[in-house]
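# Coordinates in review
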Amino acid sequence: MRLWPCLAVSASLLAPPAVQAEQTQSQGAGGRITTGARLNFELGIDRMIFLRVGAGGSHAGTDNGGGPSASATLSGVDFTLTPWHVPGAAPTYGAPEAVALPVEVRGNVGQIQLSAQTSGPLANGPHHIPMSRIGLSSDNASLPAPPIPDSGIGSSVNVSPGGSGTSAAPALLTYRAANWTFRYTPAASPVAGVYTGRITFSAATP
């Protein structure tokens, strides 16, 4: 079974800064003369949200040189179920080993909300397994894992503002890192084969 998480990032940009200036002139036959030139300054600070689910980038307070950057590479979660042979009965399946992935959220927009979206169940041709069989938990309460819906967009969870390097403005800046653990609860006697699906995690302002 393969489960491919991907990410969506919500962000808006301000216009680039503009600098204007004036020029003046003063002249006279004698004595002290003065003139002045004024400058208007404008500083634009982009609003930003960064979301990473899976390997790559930075995690747990470390940085990769110039900081995190966008990547189109998707990480995957693979579960393998081994049937148990029970004499006189159909095969049964135990829960496979859980899979943990690093997750990171950064932003300068204040409150950030996370949600998960699926397009439907895990599919193996005409056979399906509900996405609700996938459980998700976080090892950091400040970066909780959103619930995985069977289909569509699930309810959102709040990422706590603050974190490493945000003491100057904790109400606006966010840096949180965690490990999310995916678990699969076996369905009763699923048909053998490879079931695939995708979860899209989104970070957004309220």
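Residues numbered from 1 in each chain as written. Predicted model: local features only at pLDDT ≥ 70, side-chain atom pairs only at ≥ 80, totals over all residues. Heavy atoms only, no water.

## Some thoughts on the overall build of the protein chain
For the protein chain, the helix and strand inventory stands at zero helices and 17 strands. In the protein chain, which comprises 206 residues, the proportion classed as buried is 33%. By sequence separation, contacts in the protein chain at least 24 residues apart represent 74% of the contacts at least 6 residues apart. A total accessible area of about 11,900 Å² is found for the protein chain, and carbon and sulfur atoms account for 54% of it. (Helix = DSSP H or I, 4+ residues; strand = E, 2+ residues; numbered from the N terminus. Buried < 20%, exposed > 50% of the residue type's maximum accessible area, 1.4 Å probe, protein only. Contact = heavy atoms within 4.5 Å. Areas by Shrake-Rupley, 256 points an atom, 1.4 Å probe, with all protein chains shown as cover.)

## Side note on the environment of Arg-176
Among the structural elements, Arg-176 can be located in strand 16 (residues 174-184). For Arg-176 and Arg-106, which are 70 residues apart along the polypeptide, the C-alpha to C-alpha distance reads 6.5 Å. In this structure, Arg-176 is in contact with Val-103, Glu-104, Val-105, Ser-142, Leu-143, Val-159, Ser-160, Pro-161, Gly-162 and Gly-163, ignoring residues within four places of it in sequence. Reaching out from Arg-176, the side chain makes a polar contact with the backbone oxygen of Ser-160 at a distance of 2.8 Å. Only 2.8 Å separates the side chain of Arg-176 from the backbone oxygen of Pro-161, close enough to count as a polar contact. (Polar contact = N/O pair within 3.5 Å; in protein donor to acceptor, adjacent residues only side chain to side chain.)

## Some details on the pattern of salt bridges
Where side chains of opposite charge bring their charged atoms close, a pairing between them can arise. Evaluation of the coordinates by the stated rule reveals two salt bridges. Note that Arg-106 is salt-bridged to Glu-104, the shortest N-O span being 2.5 Å. For the pair Arg-106 and Glu-104, one class covers both residues: buried. Through salt bridges with shared partners, one network takes in Arg-52, Glu-104 and Arg-106. (Salt bridge = Lys/Arg side-chain N within 4 Å of Asp/Glu carboxyl O.)

## Points about the confidence of the model for the protein chain
Predicted confidence across the protein chain gives a mean pLDDT of 81, with 76% of residues reaching 70 or more. Scored below 50 in pLDDT, residues 7-17 shows 28 contacts in the model against residues more than four places distant or in partner chains. Within the model, the stretch residues 58-66 combines pLDDT values under 50 with 22 contacts to residues more than four positions away or in other chains. (pLDDT = per-residue confidence, 0-100.)

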